[in-house]
Amino acid sequence: MSSLSTPGTGGPEPLLLLLDPVARQTDGESVRIAKDVLCGGADVKVAYPDNPTELDRMLSHRGRRRPVVIGSDLALQRVLQALHRQRELGADPVGMVPVGRTEELAAARALGVPEEPVRAARAVLSGSPRTFDLLVDDGGGVALGGVRITGGGARRSGGRPGGWRSLWAKLAAAEQANALTSDAVDHSPRVRVEADGRLLADVHRPVRLVELTLTGADGVGVLEVVVRAPGALVRVRAASVSVVGRGFGYEADGHPVGPVRARTWTVHPGAWGLLLPAA
């Protein structure tokens, strides 16, 4: 059961504060500090979504409130995915206060979000929006930084149980069980890779790595593509990449997805905005 409350005083930019349940378990003190700073500077509605359905509902009923995430990269990724699905991704810049273990906040650091909760919260209140590209796949998923397909498939998440993370892991596991049998994942996957229609690899030889990386911000719209096979390395730039195979898992921003038989990723230039400290 989720809860919704409205602490704080009135402010010029009303906020919807989305608290990742795992963040409260990981570092409750940082969550409390960030929440106090935000509630002291704006009209804040605090939400505790227990599952993706609750998250969708809260975002769709937020009105004029800007979404602000307190949590990990995964929490931010899921909020952007929900906004993309609702066609509301570019309506307002998103705020973030990163709370989690070091390995769970790599994307936040790369995007320039302050690590300290007070500085991050102040950036939400008085920072400037900066636009970033987004990698969107034809299955409805998004990635902030990139995607990797390796010979070992997608790694299993080592995150502690509870909250959004465990629920989404269960959903991914159910998707995997329904889509393919376990023997469909090959340790040396044979996949066909095309970048903007150009063939980079085919199923006649295994690949060790397919890596897609967003190259920048402010609407650049370019994807760095690396395909590594035994005795060969291909590196190109593209706006869209398609991968087809018997069954392959991948990682989106380090989080496991799949296996799937086909996926197409497309760069959406300047698709979303993030509130960062003013220069």
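Cut-off values and rules
- Residues numbered from 1 in each chain as written.
- Predicted model: local features only at pLDDT ≥ 70, side-chain atom pairs only at ≥ 80, totals over all residues.
- Heavy atoms only, no water.
- Helix = DSSP H or I, 4+ residues; strand = E, 2+ residues; numbered from the N terminus.
- Buried < 20%, exposed > 50% of the residue type's maximum accessible area, 1.4 Å probe, protein only.
- Contact = heavy atoms within 4.5 Å.
- Pairing = 2+ DSSP bridges.
- Expected span 1.5 Å × (residues − 1).
- Polar contact = N/O pair within 3.5 Å; in protein donor to acceptor, adjacent residues only side chain to side chain.
- Arc of directions from axis to C-beta.
- Core = buried A, V, L, I, M, F, W, Y, C linked by side-chain atoms within 4.5 Å.
- Axes fitted to C-alpha atoms, helices over the stretch in contact; angles between N-to-C directions.
- Parallel < 35°, antiparallel > 145°, perpendicular 65-115°, else oblique.
- Left-handed = near helix turned anticlockwise from the far one by under 90°.
- Nonpolar A, V, L, I, M, F, W, Y, C, P; charged D, E, K, R; others polar.
- Salt bridge = Lys/Arg side-chain N within 4 Å of Asp/Glu carboxyl O.

Caption draft 1: Just the environment of Leu125, in detail. Along the chain, the position of Leu125 falls in helix α6 (residues 117–126). For Leu125, a relative accessible area of 31% gives the class partly exposed. For Leu125, the contacting residues outside a window of four places in its chain are Leu15, Val37, Leu38, Gly41 and Ala42.

Caption draft 2: Structural context of the pairing of strand β8 (residues 146–150). The pairing of β8 with strand β11 (residues 209–214) spans 5 bridges and is classified as antiparallel. Paired with Arg148 across the bridge in β11 is Glu211. In this sheet, strand β14 (residues 240–252) lies alongside β8 in antiparallel orientation, the contact comprising 2 bridges. Bridge pairing links Arg148 to Glu251 in β14.

Caption draft 3: Molecular detail of helix α4 (residues 73–85). Over its 13 residues, α4 runs 18 Å from end to end, which matches the ideal 18 Å to within 8%, given 1.5 Å per residue. Within α4, 11 of the 13 residues are buried, which leaves the element mostly enclosed by the surrounding structure. Asp73, Leu74, Ala75, Leu76, Gln77, Arg78, Val79, Leu80, Gln81, Ala82 and Leu83 are the residues of α4 that are buried. One or two residues past the end of α4 sits Arg87, with phi positive at roughly 60°.

Caption draft 4: Fine view of the side chain of Asp20. Looking at the element boundaries, Asp20 is found in the loop between β2 (15–19) and α1 (21–26). A polar atom in the side chain of Asp20 sits 3.0 Å from the backbone nitrogen of Val22.

Caption draft 5: Spatial organisation of α6. Those residues of α6 that sit buried are Pro117, Ala120, Ala121, Ala123 and Val124. Across the axial projection of α6, the buried residues extend over an arc of 155°, all falling on one side. Residues of α6 that are exposed and angled more than 90 degrees away from the buried face: Arg122 and Ser126. Structurally, α6 contributes buried residues whose contacts are with β2, α2 (28–41), β4 (66–71), β5 (95–98) and β15 (255–276).

Caption draft 6: Just the nonpolar core, in detail. Ranked by size, the top nonpolar core spans 49 residues in total, and within it Leu76, Leu80, Leu134 and Trp272 carry the most contacts. Take this core: its biggest share by element is 6 residues, from α4. In terms of nonpolar packing, the next biggest core, distinct from the first, is built from 27 residues, Leu214, Val227, Ala238 and Val260 among them.

Caption draft 7: View of the packing of α2 against α6. For the pair α2 and α6, interaxial distance at closest approach is 9 Å and the crossing angle is 30°. Comparing their axes, α6 and α2 come out roughly parallel. Seen from above, α2 lies across α6 with right-handed handedness. On α6, the residues that touch Ser30, Ile33, Ala34, Val37, Leu38 and Gly41 of α2 are Pro117, Val118, Ala121, Arg122, Val124 and Leu125. Its residues placed into classes, the contact of α2 with α6 shows 9 nonpolar, 2 polar and 1 charged.

Caption draft 8: Layout of the packing of helix α3 (residues 52–60) against α4. For the pair α3 and α4, the least separation of the axes is 10 Å and the interaxial angle reads 60°. By the criterion of interaxial angle, the relationship of α3 to α4 is oblique. Note on packing geometry: the crossing formed by α3 with α4 is right-handed. Judged by residue contacts, Leu55, Asp56 and Leu59 of α3 engage Arg78, Val79, Ala82, Leu83 and Arg85 from α4. The residue makeup of the contact of α3 with α4, split by class, is 5 nonpolar, no polar and 3 charged.

Caption draft 9: Region of interest: the pattern of salt bridges. With the rule as written, the count across this model stands at 16 salt bridges. Residue Arg65 pairs with Asp43 through a salt bridge whose shortest N-O separation is 3.2 Å. Of this pair, Arg65 sits in the loop between α3 and β4 while Asp43 sits in the loop between α2 and β3 (44–47), and the two are 22 residues apart along the sequence. Judged by its relative accessible area of 13%, Arg65 is buried. For Asp202, the salt bridge identified is with Arg192, shortest N-O distance 3.0 Å. You can see Asp202 sitting in the loop between β10 (198–201) and β11 and its partner Arg192 sitting in strand β9 (residues 191–195), a full 10 residues away along the chain. Overlapping salt bridges, with partners in common, bring together Glu29, Arg32 and Asp36 in one network.

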